[in-house]
Amino acid sequence: MTEPTLQAVTDTAAPAWKPQIAAIVCNWCTYAGADMAGTTRREYPASVRLLRVPCSGRVNPLFILKSFEQGADGVLVSGCHPGDCHYVQGNYFARRRFAAFRSLLNFLGLDPRRVHFSWISASEGIKWARVVGDVTRAVTEAGPLTDWGRAASPAQVTLPEPSAPRPQPATAELEAVTGHLRELAASLLREGKVAVVLGWTPGPIPGQTIPAFIQRPEDTATLVFGTHNHADLAAYLAGPRRVQGKVAVLVKACDARAATTLLAEGQLVREDVILVGVSCPGMWRDDRLAYRCHSCDGEVGALCDFTVSATGVQPGAVPTGAKRATGPDPRDLQIAHLESLLPAQRWAFWQEQFADCVRCYACRAVCPMCYCGSCISEQHRPQWIPTSIDGRGNTAWNLVRAYHLSGRCVGCDECERVCPANIRLDLINRRLALELEQRFDYHAGTDPEGAPPLATFRPDDPQEFIV
Amino acid sequence: MSTPSAGPIHRLGRDQLASWLDALLAERKQVFAPVLRRGLRVLRAVGRAQEADLAPGRTRWSPKEFLFPRTETLFSYENRDGVPVLTDPPADEAPRILFGVQPCDAAGLVRLDTILLQDPFYARRRELTTVVAIACSEAAPECFCTAVGGSPAGEEGVDVLLAPLEAGWVVRALSPKGEALLAPRRGEWEPAAAGAWETALEQAGRVAGSIGRRELPTAWAAKLEQSFDDPRWDELARRCVGCSICAYVCPSCSCFDVADEGSDACGSRCRTWDSCSFRLFTQHGSGHNPRSAQPARSRQRVLHKFAFYPLQHGGQAMCVGCGRCIRSCPVGMDIHAEVVEMMSGRPEKEARDVQG
């Protein structure tokens, strides 16, 4: 809803159009380098507006987002060379964040010519002038940014669907699992090991299951397990939704990964939670296997205290042997398809999706990783995310949601399932997860003791995108 | 299913309906009709009759956004050399038609009127809007219009009612606005055969009969209000995760937030949908929150619709039974079952089973 604060000149026909570029620079190196360019009378285009921050580690990717939102045509972020940071390691952390955020912007289809990163030291006035020249040229080529928060033209993208339908699992096996789950839940409650069992029970829509909080052994008969137990119950283990007291929670493979990440992030009081791993046959969405289940073997997570399968209940995390056939992940095929398109078409595709967002925040509400007591979307001074339910506000929200989950999302795809606007949040999350896997060999939800990838660094992290 | 209230009834073939729609578009009326895009059935402005999808079934969102937009600018401001300049948003004065909505959605607009008609932006749009509803030919498991005084052929808030009949439609105007919409066509349309309307209503009666959910009598409001401190609310709403799907898909939820967006140079004052399910909705500046936990927020939604509002507005519930909130809730909150349980003392699941 807001008018661009840095009023971008958007009339391409006007010969006077010059790009507006926000340069977010660290105080100690790049700002001093820019100063050096000035004192040595180096000429460079007057297209950049400098935003001085103490350290590139201070650069929240929201600054980049906000710059575009307020009318910048391009953004340059620049700090000290690795090893030169005034605060020793700020730029190392920054480098990882930039890698994640840049890959997010690329995937969403923002023209890559609009976002640039560089290391420029205090003595590199010449480099500063050169980089500003290069960035100005690139942004000029890209032209005025006129489609932030909207699709310039219809995207007309059809995503590939998995060809071979998967067979539904045998009902008898699911009934056996249900029976064992009920027995285990009843005995945990009877023996007073937990006050609540978090499971699934039939919901108001035929075939639907919904979260159930079982407190009495006799109520365990309402628990069910089938092919529609979508809810990731780990969402009730942390933050404002956290269930108080000792709790046993039924977890599928994906939910167990969520619990593992919560533990890694210090959110789970391990002794208060009994994780009951359920051997999962894969979950069905309408008549198809959920995308995330194609590449998952359904085995229970290593963290589980019990393993429940059709054959019975076993203590600890035990391979059930009932390995599901796995194949290529349809989400990866769809991501590959999107990445084969021109950025502008990808941008239009995502903007069409975001245009339908109503900001109900169901994506946040069901996400086990969204446990903050106060979300950034609720911050009003300054207001990072416009409250307006429109292209600008929706783009900001969806970008920030995805970025905050980078390196944390375990791919349970609950956000995508519950989205009333059918936004393919799963693809965005997955693309970021793949980026962090490839770059930092990090697989969210596998190691309860590993540091989250954006909370750590290696001095030799790849930095091919930084000049 | 009251007796027809105005004007003769016409029988229309499918092609006739399409050419009517095209004629309305040719008159430069904005027509919002259900369309299918990205797997979503939504109301959108259509350019040709062909785009409209008039098959049975509700749209993902209610039509309220065309009268009470998700976000609207109340005014914009600009700092011109130290002088603040305020600008009104451009007014859209085109007459508009909500074409093919369900009767429950039309009734939802009447509920909205009681809250929002005092707002000039809403009132102007309401004045410009004509509602063409289609009587339902099937009911979903979450439908419960009959439980709150509605009907699959409900007339409340409807200007023109269409009912499917064999391979076409019967149509009649139910209000002066509706009459104005039909009048220019009367010459070219044939009157329906005697009994055609009744046949169409019988079909709607069968749909009503297939809705298994029990009535929620208006007399319950006072007793329901007494349940405010009932500990069962905590149990009922424990699974609520605090999104606002229920409020945003609801045809009658009317809460909003007003925020200034922009900088000291320029910006606008925006009114945006808000929801009682959000923590921030009742957060005080002091930090105190009278609805500090999710069950209290969830209770608010139920009590507002079935106790507070009816007690203040002549008994009618602030709910038209469209069932969207039940269908779209990520954790299957069921507002109908919640009311039934609170009033009957039966566990929610059992309450649902009893309803069929």
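Residues numbered from 1 in each chain as written. Chains lettered and ligands numbered in written order. Predicted model: local features only at pLDDT ≥ 70, side-chain atom pairs only at ≥ 80, totals over all residues.

Attention now goes to the interface of chain A and chain B. Between chain A and chain B, the contact holds 33 residues from the first and 41 residues from the second. At the level of secondary structure, the elements contributing two or more residues to the side of chain A that touches chain B comprise strand S6 (209–214) and helix H9 (362–365) of chain A. Among the residues forming the side of chain A that touches chain B, the class breakdown is 20 nonpolar, eight polar and five charged. (Contact = placed C-beta atoms within 7 Å. Helix = DSSP H or I, 4+ residues; strand = E, 2+ residues; numbered from the N terminus. Nonpolar A, V, L, I, M, F, W, Y, C, P; charged D, E, K, R; others polar.)

Moving on, we get to the sheet that holds strand S10 (residues 190–191) of chain B. All names here are of chain B. Pairing in this open sheet of eight strands is mixed, and the strands run S3-S2-S6-S7-S8-S9-S1-S10 from one edge to the other. Looking at strand neighbours, the two that pair on one side only are strand S3 (40–45) and S10, the edges of this open sheet. Contacts between helix H1 (residues 14–26) and the sheet are confined to strand S1 (10–13), strand S2 (30–37), strand S6 (96–101) and strand S9 (168–173), with S1 contributing the most and set at about 95° to the helix. (Pairing = 2+ DSSP bridges. Axes fitted to C-alpha atoms, helices over the stretch in contact; angles between N-to-C directions.)

With that settled, consider the sheet that holds strand S12 (residues 312–315) of chain A. Residue and element names in this part refer to chain A. Read across the open sheet, the six strands follow the order S6-S5-S7-S8-S11-S12; overall the sheet is mixed. Since the sheet does not close on itself, it has two edges, and those belong to S6 and S12, each with one partner. Neighbour-to-neighbour, the strand axes of this sheet turn through a mean angle of 30°, independent of strand direction. In terms of strand pairing, strand S8 (residues 273–278) meets strand S11 (residues 306–309) through three bridges, oriented parallel. Each bridged residue has a counterpart across the sheet, and for Val276 the counterpart in S11 is Phe306. Sitting on the sheet, helix H5 (residues 171–190) is in contact with strand S5 (196–202), S6, strand S7 (247–251), S8, S11 and S12, with an inclination near 150° to S11.

Residues and elements named next belong to chain A. Even without being a glycine, Val88 presents a positive backbone phi close to 75°. As for its placement among the helices and strands, Val88 is situated in the loop between strand S3 (74–79) and helix H3 (90–108). With 11 C-beta atoms counted inside 10 Å, the residue Val88 sits in the exposed group. The phi angle at Arg359 is positive, at roughly 60°, despite the residue not being glycine. Of note, Arg359 is situated in the loop between helix H8 (343–355) and H9. (Buried ≥ 20, exposed ≤ 12 C-beta atoms within 10 Å, placed from the backbone.)

This part takes up the domain arrangement of chain A. Residues and elements named next belong to chain A. Looking at chain A, the domain boundaries give domain 1 (21–142), domain 2 (171–315) and domain 3 (337–455). Relative placement of domain 1 and domain 3: their C-alpha centres are 24 Å apart. With 17 residues of domain 1 at the interface, the matching set in domain 3 holds 23 residues. Every element with two or more residues in the side of domain 1 that touches domain 3 is listed here: helix H2 (61–69) and H3. With nine residues, the top contributor of residues to the side of domain 1 that touches domain 3 is H3. Its residues placed into classes, the side of domain 1 that touches domain 3 shows eleven nonpolar, two polar and four charged. (Domains from an automatic or database assignment.)

We now examine the domain arrangement of chain B. All names here are of chain B. The domain boundaries assigned to chain B delineate domain 1 (10–210) and domain 2 (220–355). With centres defined by C-alpha atoms, the gap from domain 1 to domain 2 works out at 26 Å. Taken residue by residue, the interface counts 35 residues in domain 1 and 28 residues in domain 2. Those elements giving two or more residues to the side of domain 1 that touches domain 2 turn out to be strand S4 (71–80) and helix H2 (103–116). Here the residues of the side of domain 1 that touches domain 2 are counted per class, giving 17 nonpolar, ten polar and eight charged.

The subject of this paragraph is the pairing of strand S5 (residues 83–87) of chain B. For S5 of chain B, a buried count of zero out of five residues is recorded, marking the element as mostly open to its surroundings. Remark: two residues form the turn of the hairpin made by S4 of chain B and S5 of chain B, two consecutive strands paired antiparallel; Asp81 of chain B in that turn has positive phi of roughly 50°.

Before going further, it helps to examine the packing of H3 of chain A against helix H12 (residues 425–440) of chain A. The relative placement of two packed helices comes down to the angle between their axes together with the axis-to-axis distance. All names here are of chain A. In contact at an axis separation of 10 Å, H3 and H12 are set at 140° when each is read in the N-to-C sense. Our classification of the angle between H3 and H12 gives oblique. At the point where H3 passes H12, the crossing takes the right-handed sense. Residues Ala99, Ala100, Ser103, Leu104 and Phe107 of H3 lie in contact with H12, whose contacting residues are Ile428, Arg431, Leu432, Glu435, Leu436 and Arg439. Considered class by class, the residues forming the contact of H3 with H12 number seven nonpolar, one polar and three charged. (Parallel < 35°, antiparallel > 145°, perpendicular 65-115°, else oblique. Left-handed = near helix turned anticlockwise from the far one by under 90°.)

Attention now goes to the packing of H8 of chain A against helix H10 (residues 391–404) of chain A. Residue and element names in this part refer to chain A. Interhelical geometry of H8 versus H10 gives an angle of 105° and a closest axis separation of 9 Å. Relative to H10, H8 is oriented roughly perpendicular. Between H8, through Gln351, Phe354 and Ala355, and H10, the contact on the second element is made entirely by Gly391, Asn394, Thr395 and Asn398. Per-class residue counts for the contact of H8 with H10 are two nonpolar, five polar and no charged.

All right, on to the environment of Leu128 of chain B then. Residue and element names in this part refer to chain B. With respect to the secondary-structure elements, Leu128 resides in helix H3 (residues 120–128). Sequence separation between Leu128 and Leu67 is 61 residues, and the spatial gap between their C-alpha atoms is 9.6 Å. Not counting the four nearest positions on each side in its chain, Leu128 is found in contact with Glu93, Pro95 and Arg96.

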